[in-house]
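Take a look at the letters that make up each chain.
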Amino acid sequence: MLSSLGRILLADEHWACQGPDVAVLLGDKNGFAAEVGEWDGALGQVGLWAAGKWLTCDDNSSFASQFRRDVLDTADWLRSGQSSPLPFEALPPEATHRRLMHRAGADDETEAEYAFRSQFRVLNWGPTTDNVTAHLFRDADRLVLTTQFWREEHLIKHPEDAGEVFVAEIPTVEFVGILDDLLVVLADAPDRSCQ
C-alpha cells in the first residue's frame with residue numbers, strides 16, 4: 001500500500017496500458033520526486049527529480065530488480081540513521097558539494113579522502129542515475145540533497161547546468177516515504193507491461 005506522503009498520479013486510478021503518459025508520480029518535483037512510467041517486461045522508465053531538475057534525463061530506463069535493490073539500500077541506510085550532517089562548518093550545501101568534489105577522481109586522491117566523500121554519496125542507483133553526482137546531508141529531521149550533472153554530453157546539450165549544484169531540502173520522513181512508495185511500485189512494475 002502506498003503511503004500518504006507522496007502525491008500519486010495514476011491514469012484512471014488503476015494500472016492501464018494507455019501510452020507513455022501513464023505514470024505514477026511520488027513526491028514533489030521541486031523537492032524530490034520519483035515518476036514511474038511504462039514497462040516492457042523488467043525494463044521500464046523511472047524518472048527522478050530534485051530541486052526542479054529532471055535527474056534521469058540522460059537515461060530513464062531501468063531494470064526493476066536492480067533499481068529496487070538500490071532504492072531499498074538507500075531507504076534502509078536512512079532509517080538506520082547513518083547519514084551525516086554537513087561536514088564543513090559555515091559552508092552552505094552548494095559549497096560543501098563542490099569541496100567534496102574538488103579532488104574526486106584525481107590521481108592523488110587519498111583513500112581517506114575517497115572514504116570521507118563516499119559517506120555522503122547517494123542515488124548510486126546504476127546507469128539510470130550515473131549522470132549526476134549527489135550528496136545527502138542530514139540536519140536533524142531534514143535532509144539536504146545536492147546534485148550536479150557531470151557528463152560532457154549533457155552539459156553541451158544543457159549549458160545552463162554547467163557548474164551548477166542544485167539543492168533540495170526535504171523532511172527525512174517524507175524522503176523515506178517516497179522511497180518506500182517507489183519500492184511498492186517497482187515490486188509490481190514487471191506485471192504492468194502491456195500484453
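Above this text you will find the structure in question.
Residues numbered from 1 in each chain as written. Predicted model: local features only at pLDDT ≥ 70, side-chain atom pairs only at ≥ 80, totals over all residues. Heavy atoms only, no water.

Draft legend 1. Layout of the side chain of Asn 131. Take Asn 131: it is sitting in the loop between helix H3 (111-118) and strand E6 (132-139). Each residue touching Asn 131, except ones within four places of it in the same chain, is listed here: Leu 55, Cys 57, Asp 58, Gln 148, Phe 149, Trp 150 and Arg 151. (Helix = DSSP H or I, 4+ residues; strand = E, 2+ residues; numbered from the N terminus. Contact = heavy atoms within 4.5 Å.)

Draft legend 2. The arrangement of the pairing of strand E3 (residues 43-50) in detail. Counting buried residues along E3, 6 of its 8 residues qualify, which places the element largely inside the surrounding structure. Hairpin connection, strand E2 (residues 32-40) to E3: the antiparallel pair is bridged by 2 residues, and Gly 41 has positive phi, about 70°. As paired strands, E3 and strand E5 (residues 61-63) are joined by 3 bridges and run antiparallel to one another. Pairing of Leu 43 across the sheet is with Phe 63, part of E5. Pairing geometry for E3 and strand E4 (residues 53-54), over 2 bridges, is antiparallel. Note on E4: the bridge partner recorded for Trp 49 is Trp 54. (Buried < 20%, exposed > 50% of the residue type's maximum accessible area, 1.4 Å probe, protein only. Pairing = 2+ DSSP bridges.)

Draft legend 3. View of the pattern of salt bridges. Counting across every chain of the model gives 10 salt bridges. In this structure, Lys 29 and Glu 35 form a salt bridge, with 4.0 Å as the shortest nitrogen-oxygen distance. The exposure class assigned to Lys 29 is partly exposed, which follows from its relative accessible area of 26%. In this structure, Asp 108 and Arg 103 form a salt bridge, with 3.2 Å as the shortest nitrogen-oxygen distance. Shared partners join several salt bridges into a network, and the residues in it are Asp 58, Asp 130 and Arg 151. (Salt bridge = Lys/Arg side-chain N within 4 Å of Asp/Glu carboxyl O.)

Draft legend 4. A look at the sheet that holds strand E7 (residues 142-149). With respect to topology, 3 strands assemble into an open sheet ordered E6-E7-E8, the strand pairing being antiparallel. A single partner strand is all that each edge strand has here, and the edge strands are E6 and strand E8 (166-171). Ignoring which end each strand starts from, the neighbouring axes of this sheet average 20° apart. Across 6 bridges, the pairing between E7 and E8 is antiparallel. Within the sheet, the bridge partner assigned to Thr 147 lies in E8 and is Phe 166. (Axes fitted to C-alpha atoms, helices over the stretch in contact; angles between N-to-C directions.)

Draft legend 5. Looking closely at unusual backbone geometry. Of note, Ala 51 is a non-glycine position whose phi angle comes to about 50°, a positive value. Inspection of the secondary structure assignment puts Ala 51 in the loop between E3 and E4. The class of Ala 51 is partly exposed, set by a relative accessible area of 23%. One non-glycine residue with positive phi stands out, namely Ala 140, at about 60°. Take Ala 140: it is sitting in the loop between E6 and E7. Residue Ala 140 is classed as exposed on the basis of its relative accessible area of 63%.

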